[in-house]
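Analysis of the macromolecular model
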Amino acid sequence: MTVQQEAGAGEAGADGEALEVWIDQDLCTGDGICAQYAPEVFELDIDGLAYVKSPADELLQTPGATTPVPLTLLRDVADSAKECPGDCIHVRRVSDSVEVYGPDAE
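Parameters and conventions
- Residues numbered from 1 in each chain as written.
- Predicted model: local features only at pLDDT ≥ 70, side-chain atom pairs only at ≥ 80, totals over all residues.
- Heavy atoms only, no water.
- Helix = DSSP H or I, 4+ residues; strand = E, 2+ residues; numbered from the N terminus.
- Buried < 20%, exposed > 50% of the residue type's maximum accessible area, 1.4 Å probe, protein only.
- Contact = heavy atoms within 4.5 Å.
- Pairing = 2+ DSSP bridges.
- Axes fitted to C-alpha atoms, helices over the stretch in contact; angles between N-to-C directions.
- Salt bridge = Lys/Arg side-chain N within 4 Å of Asp/Glu carboxyl O.

Counting its secondary structure elements, the chain contains three helices and seven strands. Listing the helices and strands of the chain from first to last along the sequence gives α-β-α-β-β-β-β-α-β-β. The 106 residues of the chain split such that 38% are buried. In the chain, of all internal contacts separated by at least 6 residues, the share reaching a separation of at least 24 is 57%.

And the structure:
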């Protein structure tokens, strides 16, 4: 069982709302910082770009694919978004799609 599966219902932001993350591959620089911070959520593919992984640990290569952010990994995912040199990591609330971490966060 992956960390994401173990987190299960714990997928939420600090305010208790469910969060999801996606990567804009058009902006990805392939530095791999995200995979260093949260390897359970991010992975570099053979094309040199980062992608999110499903809760079943499958690489999601469809443009705009999202994956839940487990509460146990929220800080690592948020740090990934903050430190990403390509500003391509977007973390948003599931309920209203408002970005809470990433280049479009308010």
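One open sheet holds the four strands; their spatial order is β5-β1-β6-β7, and the pairing between them is antiparallel. If you trace the sheet from one side to the other, it starts and ends with β5 (67–68) and β7 (99–101), each paired once. Across five bridges, strand β1 (residues 19–23) lies against strand β6 (residues 89–93) in antiparallel orientation. Looking at β6, one finds that Leu19 is bridged to Arg93. In this fold helix α3 (residues 74–83) packs onto β1, β6 and β7, with an angle of close to 90° to the strand it touches most, β7.

What follows covers the sheet that holds strand β2 (residues 42–44). A sheet is described by the order of its strands in space; here three strands give the open sequence β2-β3-β4, paired in antiparallel fashion. Edge strands, defined here as strands with exactly one partner in the open sheet, are β2 and β4 (59–60). Of the strand pairs in this sheet, strand β3 (residues 50–53) and β4 are connected by two bridges, and their pairing is antiparallel. Across the sheet, residue Val52 finds its bridge partner in β4, namely Leu60.

Next up on the list: unusual backbone geometry. It is generally the case that most residues other than glycine have a negative phi and that most peptide bonds are trans. Here the phi dihedral of Asp87 falls at roughly 50°; this positive angle occurs in a residue that is not glycine. In the Ramachandran plot, Ser97 falls in the positive-phi region, its phi being about 65° despite a non-glycine side chain.

This part covers the pairing of β1. Counting buried residues in β1 gives five out of five residues, a clear majority hidden from the surface. Side chains Leu19, Val21 and Ile23 project from β1 onto one buried face, and the interleaved Glu20 and Trp22 project onto a second face that is buried too. The sheet contact formed by β1 and β5 spans two bridges and is antiparallel. Of the residues in β5, the one forming a bridge with Val21 is Thr67.

Here we come to the pattern of salt bridges. Once their charged atoms are close, side chains differing in charge can pair, the charge on each being opposite to the other. Inspection of every chain in the model, using the stated rule, returns four salt bridges. As a salt-bridge pair, Glu43 and Lys53 come within 3.7 Å of each other at their nearest N and O atoms. Placement of Glu43 in strand β2 and of Lys53 in strand β3 is noted, with a sequence separation of ten residues between them. For Glu43, a relative accessible area of 32% puts it in the partly exposed group. Among the residues examined, Lys53 registers a relative accessible area of 7% and is labelled buried. We note a salt bridge from Lys53 to Asp57, for which the minimum N-O separation is 3.0 Å. Take Asp57: its relative accessible area is 41%, and that puts it in the partly exposed class.

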